[in-house]
Amino acid sequence: SISLTGGEPLLQVDALKELIPKLPLPVFLETNGTLASHMAEVADLVTYFSVDFKPGFETEFIDFIDILKDKKNVFVKFIVTKGIHVNELKKIAKIISSFNDEIPLILQPVTPFSGIKEKATMDDILRAYNVLKSSLKTIRVIPQTHKLMNIP
């Protein structure tokens, strides 16, 4: 597949509508999950969807995931930070399961950068997994492997 990733690809929705039909392989779209109207314009052109859940943007995420709820090859990514609060985890589980509890959720432990000084602890990651597993069928923990390999 060909991966379209950020910044935020959906900010270029007109260009995507022109480009994607010309691509020789299926398209994998990585998006922040906040531009539902733009997603609606290209959803039928994309094969794979990686959608971020960002705390504070629940309304936008709900509108976004509603468009993709019946699509195959959709997963949601959530960044696990140090000291993640259980209520944030329950919120994401409730939203996803209300649409389709078979949408996989990828937990990605935060890698310190910019203003984030501390990585998520193993306790943070396990707490997130354990809270979410009662509501969602598929949860995976996938670190940023390029960071583990010291590739910027």
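Check the entry above for the structure.
So, here's what we can say about the structure. What you see is a predicted model, and the numbers here were worked out from it, not measured in a lab. (Residues numbered from 1 in each chain as written. Predicted model: local features only at pLDDT ≥ 70, side-chain atom pairs only at ≥ 80, totals over all residues. Heavy atoms only, no water.)

Moving on, we get to the pairing of strand β5 (residues 105–109). Judged by how many residues are buried, β5 sits mostly within the fold: five of five residues are covered. Covered by surrounding structure in β5 are Leu-105, Leu-107 and Pro-109 together with Ile-106 and Gln-108, the residues of both alternating faces. Running through helix α4 (residues 86–99), the crossover from strand β4 (residues 74–80) to the neighbouring parallel element β5 is right-handed. Here β5 pairs with strand β6 (residues 139–141) via three bridges, running parallel. Among the inter-strand pairings, Leu-105 is bridged to a residue of β6, identified as Ile-139. (Buried < 20%, exposed > 50% of the residue type's maximum accessible area, 1.4 Å probe, protein only. Helix = DSSP H or I, 4+ residues; strand = E, 2+ residues; numbered from the N terminus. Right-handed = clockwise from strand over helix to strand, strands pointing away. Pairing = 2+ DSSP bridges.)

It is worth spelling out the nonpolar core at this point. Of all hydrophobic cores here, the largest spans 39 residues; its most connected members are Met-39, Val-76, Phe-78, Leu-105 and Leu-132. The dominant element in this core, judged by the number of residues it contributes, is α4, at five residues. Those residues in contact with Leu-105, other than ones at most four positions away along the chain, are Val-76, Phe-78, Ile-92, Ile-96, Leu-132, Leu-136, Thr-138, Ile-139 and Arg-140. (Core = buried A, V, L, I, M, F, W, Y, C linked by side-chain atoms within 4.5 Å. Contact = heavy atoms within 4.5 Å.)

So, about the packing of helix α3 (residues 58–68) against α4. For the pair α3 and α4, interaxial distance at closest approach is 10 Å and the crossing angle is 25°. Classified by the interaxial angle, the pair formed by α3 and α4 is roughly parallel. Remark: the crossing between α3 and α4 carries right-handed chirality. When α3 is examined against α4, the residues Glu-58, Phe-61, Ile-62, Ile-65 and Asp-66 are found in contact with a partner set consisting of Glu-88, Lys-91, Ile-95, Ile-96 and Phe-99. In terms of residue class, the contact of α3 with α4 is made up of six nonpolar, no polar and four charged. (Axes fitted to C-alpha atoms, helices over the stretch in contact; angles between N-to-C directions. Parallel < 35°, antiparallel > 145°, perpendicular 65-115°, else oblique. Left-handed = near helix turned anticlockwise from the far one by under 90°. Nonpolar A, V, L, I, M, F, W, Y, C, P; charged D, E, K, R; others polar.)

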